[in-house]
Amino acid sequence: MGEFKKIMLDHRTETFMAVCNVMNYREAAELLHITQPAVTQHIQFLEKEYGCRLFLYENRKLIKTPAAQMLEDYLRSVQQRENFLREKIKNNGLRELRIGATKTIGDYVITDRIHDFLNQPDTALTLIVDNTKHLLHLLEQNTLDYAIIEGFFDKNRFGSQLYRREPFVGICSKDHPFAGREVSVEEILKETLIHREKGSGTLAILEEKLLEHNESLERFHRHICISSFKMIIDLIKSGYGISFVYEVLAKSDPELGIFTLKGEPIVREFNVIYLKHADVREKMEWFL
């Protein structure tokens, strides 16, 4: 990314970022209160500066080139560093942290970290607990400093640091025949599956495991989508079906039964992720 280091955040890069956000020259012009030809001129200037195309039309739809994606990622990280500097100057010693966490991590893993951080003087915290897909979007929009997630992410666009590894297990009611057992994929397909929504890390892991056996959600006797872990656990304890969660959540309620799938144990990483070129080391040290 050395070739991008000389660029400054000026009106032309502001135009470029607006186009990246809406992927439409006319809408970008309206957003910035300038003319559409001015938007075109700003993009052409940047294309000449870097010697490459930034946007192309494919089937009458505007798309980013790989170079545009690289430039966008870099500019977002520059903006994040500038925002951090402004915070430090403005807040006069106040350590303000904006982080995201997926639901398992936010509700069951980092509670002690939150207490430790808030027990220190001059600290402020914004914590957003949501699914992986939405947290990645918030990172791209510079709404978060970093996020702690259990889902998949694009390592070409985001930097990361391992937080911990966690087993992925099945849960059922304590008196369910699966409790304490190792079961096959064929057996679980006969059950009602209660799972999280699309975009969640736990659902992505389950779908990946099913795909290894040439199976899918549609092959279950019945499957129910619920975004609330609390409601999922209540339904599981009441005998409405089975689900798959991280072990830390499975062990949080003594009324839950735990089972595993036959084969290699499923273990996944919890990662701290941030914009690829952002410098968030100081803010990570505050919390982690």
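Summary of the structure given here. Small disclaimer: the values here were computed from a predicted structure and weren't measured.

1. Side note on the pairing of strand S11 (residues 256-261)
Thinking step 1. Relative to S11, strand S6 (residues 158-173) is paired through four bridges, and the arrangement is antiparallel. Among the inter-strand pairings, Ser173 is bridged to a residue of S11, identified as Leu256.
Thinking step 2. As defined by bridge partners, strand S7 (residues 182-183) adjoins S11 across two bridges and the pair is classed as parallel. Pairing of Glu182 across the sheet is with Thr260, part of S11.

2. Here's the deal with the environment of Thr202
Thinking step 1. Residue placement: Thr202 occurs in helix H9 (residues 201-212).
Thinking step 2. Here Thr202 falls in the buried class, since its relative accessible area comes to 4%.
Thinking step 3. C-alpha of Thr202 to C-alpha of Thr132: the two residues are 70 residues apart in sequence and 9.5 Å apart in space.
Thinking step 4. In this structure Thr202 touches Thr104, Glu150, Phe168, Arg196, Phe229, Phe244 and Tyr246, once residues within four positions along its chain are discounted.

3. Regarding the pattern of salt bridges
Thinking step 1. Within this structure, the stated rule accounts for 21 salt bridges.
Thinking step 2. Residue Asp73 pairs with Arg157 through a salt bridge whose shortest N-O separation is 2.7 Å. Remark: Arg157 occurs in the loop between strand S5 (146-149) and S6 and Asp73 occurs in helix H4 (residues 66-91); sequence separation between them is 84 residues. Residue Asp73 shares its accessibility class with Arg157, and that shared class is buried.
Thinking step 3. The network of salt bridges with common partners includes Lys64, Glu72 and Arg76.

About the cut-offs
- Residues numbered from 1 in each chain as written.
- Predicted model: local features only at pLDDT ≥ 70, side-chain atom pairs only at ≥ 80, totals over all residues.
- Heavy atoms only, no water.
- Pairing = 2+ DSSP bridges.
- Helix = DSSP H or I, 4+ residues; strand = E, 2+ residues; numbered from the N terminus.
- Buried < 20%, exposed > 50% of the residue type's maximum accessible area, 1.4 Å probe, protein only.
- Contact = heavy atoms within 4.5 Å.
- Salt bridge = Lys/Arg side-chain N within 4 Å of Asp/Glu carboxyl O.

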